There are 2 protein chains.
Amino acid sequence: MSEKRINLGVIGLGCRGLGILNGIILSMYELGKVEILGVCDLYEDRVKDAYEKVKNKTGKTPVYTTDYREILAIKEIDAVLVMTAWESHIEIATAAMKAGKKVGMEVGGAYSIDDCFKLVKTYEETGIHCMMLENCCYGRKELLVLNMVKQGVFGDIVHCSGGYMHDLRDEIANGDVKRHYRQRNYFNRNCENYPTHELGPIAQVLNINRGNKMLYLTSVASCSKGLHEFIVEKKGTDHPHAKVNVAQGDIVTTIIKCAQGQTVVLTLDTTLPRSYSRGFTVRGTKGMYCEDGNYIHMDGESEWETVAAKVNSAEKYFEKYEHPLWEEYKKNPVGGHDGIDWLVYSAFVESVANNTTPPIDTYDTASWMCISTLSEESIACSGKPVNIPDFTNGKWILRTEEEDKSESIYSLSKIVKK
Amino acid sequence: MSEKRINLGVIGLGCRGLGILNGIILSMYELGKVEILGVCDLYEDRVKDAYEKVKNKTGKTPVYTTDYREILAIKEIDAVLVMTAWESHIEIATAAMKAGKKVGMEVGGAYSIDDCFKLVKTYEETGIHCMMLENCCYGRKELLVLNMVKQGVFGDIVHCSGGYMHDLRDEIANGDVKRHYRQRNYFNRNCENYPTHELGPIAQVLNINRGNKMLYLTSVASCSKGLHEFIVEKKGTDHPHAKVNVAQGDIVTTIIKCAQGQTVVLTLDTTLPRSYSRGFTVRGTKGMYCEDGNYIHMDGESEWETVAAKVNSAEKYFEKYEHPLWEEYKKNPVGGHDGIDWLVYSAFVESVANNTTPPIDTYDTASWMCISTLSEESIACSGKPVNIPDFTNGKWILRTEEEDKSESIYSLSKIVKK
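(A) Geometry of empty space enclosed by the protein. Enumeration according to the criterion identifies four cavities of 30 Å³ or more in this entry. Counted as a void, the largest cavity has a volume near 820 Å³. Its residues assigned to classes, the lining of the largest cavity shows 13 nonpolar, 16 polar and eight charged.

(B) Geometry of the environment of Tyr 51 of chain B. Residues and elements named next belong to chain B. With respect to the helices and strands, Tyr 51 occurs in helix α2 (residues 44-58). Note: C-alpha distance between Tyr 51 and Asn 147 (96 residues apart in sequence) is 40 Å. Once you skip the residues sitting within four places of it in the chain, Tyr 51 turns out to touch Val 39, Thr 61, Pro 62 and Tyr 64.

(C) Quick peek at the pairing of strand β8 (residues 214-221) of chain A. Residues and elements named next belong to chain A. Counting buried positions along β8 gives seven out of eight residues, so the element sits mostly inside the fold. Note: β8 against strand β9 (residues 251-258), seven bridges, orientation antiparallel. Looking across to β9, one finds that Leu 217 is bridged to Ile 256. The pairing of β8 with strand β14 (residues 386-387) spans two bridges and is antiparallel. By the bridge assignment for β14, Leu 217 is matched with Val 386.

(D) Representation of the interface of chain B and chain A within the structure. Taken together, the contacts link 57 residues of chain B with 57 residues of chain A. Summed over both sides, the interface of chain B with chain A buries roughly 4600 Å², with 58% coming from carbon and sulfur. Interface area lost by chain B to chain A is led by Pro 273, Arg 283 and Glu 303 of chain B, which between them contribute 12%. In this assembly, chain B and chain A are joined by ten salt bridges. Measuring nitrogen to oxygen at the nearest pair gives 2.5 Å for the salt bridge that ties Asp 269 of chain B to Arg 283 of chain A. Counting the contacts that link chain B with chain A gives 27 residue pairs in polar contact (both at pLDDT 80 or more).

(E) Here's a closer look at helix α14 (residues 324-331) of chain B. All names here are of chain B. Among all positions of α14, only Leu 325, Trp 326 and Tyr 329 are buried. Projected down its long axis, α14 carries its buried residues within an arc of 90°, all on one side. Elements that come into contact with the buried residues of α14 comprise α6 (140-150) and α15 (340-354).

(F) Just the domain arrangement of chain A, in detail. All names here are of chain A. Domain assignment breaks chain A into domain 1 (6-133) and domain 2 (137-322 + 362-403). Taking the mean C-alpha position of each, domain 1 and domain 2 sit 26 Å from one another. Each partner contributes to the interface: domain 1 provides 29 residues, whereas domain 2 provides 24 residues. Taken over both partners, the interface formed by domain 1 and domain 2 buries close to 2400 Å², and the fraction arising from carbon and sulfur atoms is 65%. Broken down residue by residue, the surface that domain 1 buries against domain 2 is led by Trp 86, Ile 113 and Met 132, which jointly contribute 26%. The interface formed by domain 1 and domain 2 holds three salt bridges in total. Of the charged contacts, one joins Glu 87 and Arg 184 as a salt bridge, the two residues approaching to 2.6 Å between their closest N and O atoms. Applying the counting rule to domain 1 against domain 2 returns 14 residue pairs in polar contact (both at pLDDT 80 or more). Residue assignment for the side of domain 1 that touches domain 2 shows that the elements contributing at least two residues are α2 (44-58), α4 (89-98), α5 (113-126) and β6 (130-132). The greatest single-element share of the side of domain 1 that touches domain 2, amounting to seven residues, is contributed by α5.

Reading the values: rules and limits
Residues numbered from 1 in each chain as written. Chains lettered and ligands numbered in written order. Predicted model: local features only at pLDDT ≥ 70, side-chain atom pairs only at ≥ 80, totals over all residues. Heavy atoms only, no water. 1 Å grid on protein atoms, 1.4 Å probe; cavity = no way out; pocket = protein on both sides within 12 Å on 5 of 7 lines; lining within 4 Å. Points joined across faces, edges and corners; volume = space filled by probe spheres on them. Nonpolar A, V, L, I, M, F, W, Y, C, P; charged D, E, K, R; others polar. Helix = DSSP H or I, 4+ residues; strand = E, 2+ residues; numbered from the N terminus. Contact = heavy atoms within 4.5 Å. Buried < 20%, exposed > 50% of the residue type's maximum accessible area, 1.4 Å probe, protein only. Pairing = 2+ DSSP bridges. Buried area = accessible area lost by both parts, 1.4 Å probe. Salt bridge = Lys/Arg side-chain N within 4 Å of Asp/Glu carboxyl O. Polar contact = N/O pair within 3.5 Å; in protein donor to acceptor, adjacent residues only side chain to side chain. Arc of directions from axis to C-beta. Domains from an automatic or database assignment.

Put into structure tokens, the structure is as follows:
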């Protein structure tokens, strides 16, 4: 990372925003990487809380406001972190880019294709990128597998799958109390609303927007029973939310077809009892990785060993294929979420400090986010296949991994070897 | 099972047919359940081999022929087993039904919707059923889960998934040598060609054709790389098959939507390195079962236990929820494939002997088989959703589990308790 401190504005201070401010950004301050010039949220109590935290840690007094435009008006700010509700991500991001601020944006899906194009056009007009802060791209296992893929260990990759498989019934049912945006989305929309935790790492494996692209998708949702049943049980039949006809299906399955022929299956699975998993799975002609069971099966191994017998067989590959970024990070681990937050925010801060293209750029951000609105359309039309726009207008053919001249240790597209 | 011996004709004596004759049917002969009056295959050597085996075991001389019509002409035959290549299943089955023979038919998919309707119409005209011999419906774990589902342990079921996930590259690549039908299918078709091993058990869980039906599906195939690469490696680039443009995608994902709102995801995954699995997974509002890892997660358990930690947690449920059929079968296990062949063939033989409706009837057979041809259409049209016909013409609404008056221990639709 560069030695220059960058000046940050932090927009969105809910559970995630405040957590990142506390766990990541203030640690970066201590390491001399960032200054926090402004904090913003729609809710005053959150803003004041964040203000106090910054003041206590740094001795400095950031601007605090409930209007993000006041943050964008601060001339000295180099970059903003957008950690607001999903619905406002692109609005705030594009306003920031137009104000000359680089954008690191938390994950979430888009509500319209138009919004995704707006993001891309704003980049093309301003030259300023919006990086989706997809922490899962920096997971230790995801990077192990990416490293193995790039070194050809799994052969040709033909299929990937993954999911956001996380029992969120409690969070969603109490979304009004917690002022969380998921509840209103689940009550009103039916779509793959959170594709990027699995799609981000898969996009790296498949070189999406770098020699490959997503062509079309089809998406089908199950009925919606889990959340309603949970609300009735926890809050009683007389609670107003017990009368809500929940729009969001319990399980949404999306199949994406890529220009180079691969398929990707995404699963949104957040309102039924289950273990947490992102189900990251990569299938090649010479082998496979599967997160559920944490196993690797290589060509030539017996197919009659069950998953139960193969559990954790991926571990032995770390010795040879640990990603160099993780080799480095393990020496001095900082931050939560198994390091992935630290790494993705570090990648962003580095790209701002060095004025380089972030490893996840605006084309990536737009093409990952668009899955939500496209799945909504497909589900509404009984699984109709819908075209996935080419936000690069053909540049994906030229943006190959060989073209990646990045010197950054955070690069996700170049081939790295120990 | 009834004490009356039934008279069987056996049509199709490839690897599967001969295996079943040897491992199941001749054991049933010894138990006084069946006589084998005729054996048939297109290949003379196979017919003679089967003839010798029957003669050696029984001391009797069955008719042997390469023309299945000669089998159907044997007046004394009550039922035929159809274990031929996929392409001839429905032709032979319907000819047999018209000849007054009950049909037990091995698994496989259909090539046209018209063929599926032909099967159903032949039943409706003759009153004679064609039972698909879907052994996986009788798997011990499948029946454990079915029993738990029917007793409401998993709550409302909203989603199921499964696959035929079996590295068949060697079998397919050598299909010409082995006179096996898979090779020509893989070279020429691209579809979910083998849906029933997972769909059969799932159909029981979801009461398909008994209060529920499959409404539509969408299907997308990955590119085809595994088989070609395997052929080139094993047979060299000069082998004629190394020049074949393999039609079948390595991984086919199919999403089925049901009338009662559930989704079903099927995966065909047979030409890449992997462990064998049928991936049977059942998701309800109160819990889930997953074959990969053989675990059960119930509502209230911590979601932060990984699959690796949950491995084999399903085992403890056998004590309370073992299906009564398996309780019985375990006392005196016979036959291979973990008993599932024995059980499904016993179910068929019992239904013939007692002249009762088989537990898997012609409507089930047709609706499971049609998935292959519908997926072919959907894949060819980039995942276009296609309607799944109602082969019952509305009778699925009346054929509920409460209606099941079957006394058979092999019944799959009635609720059973210890």
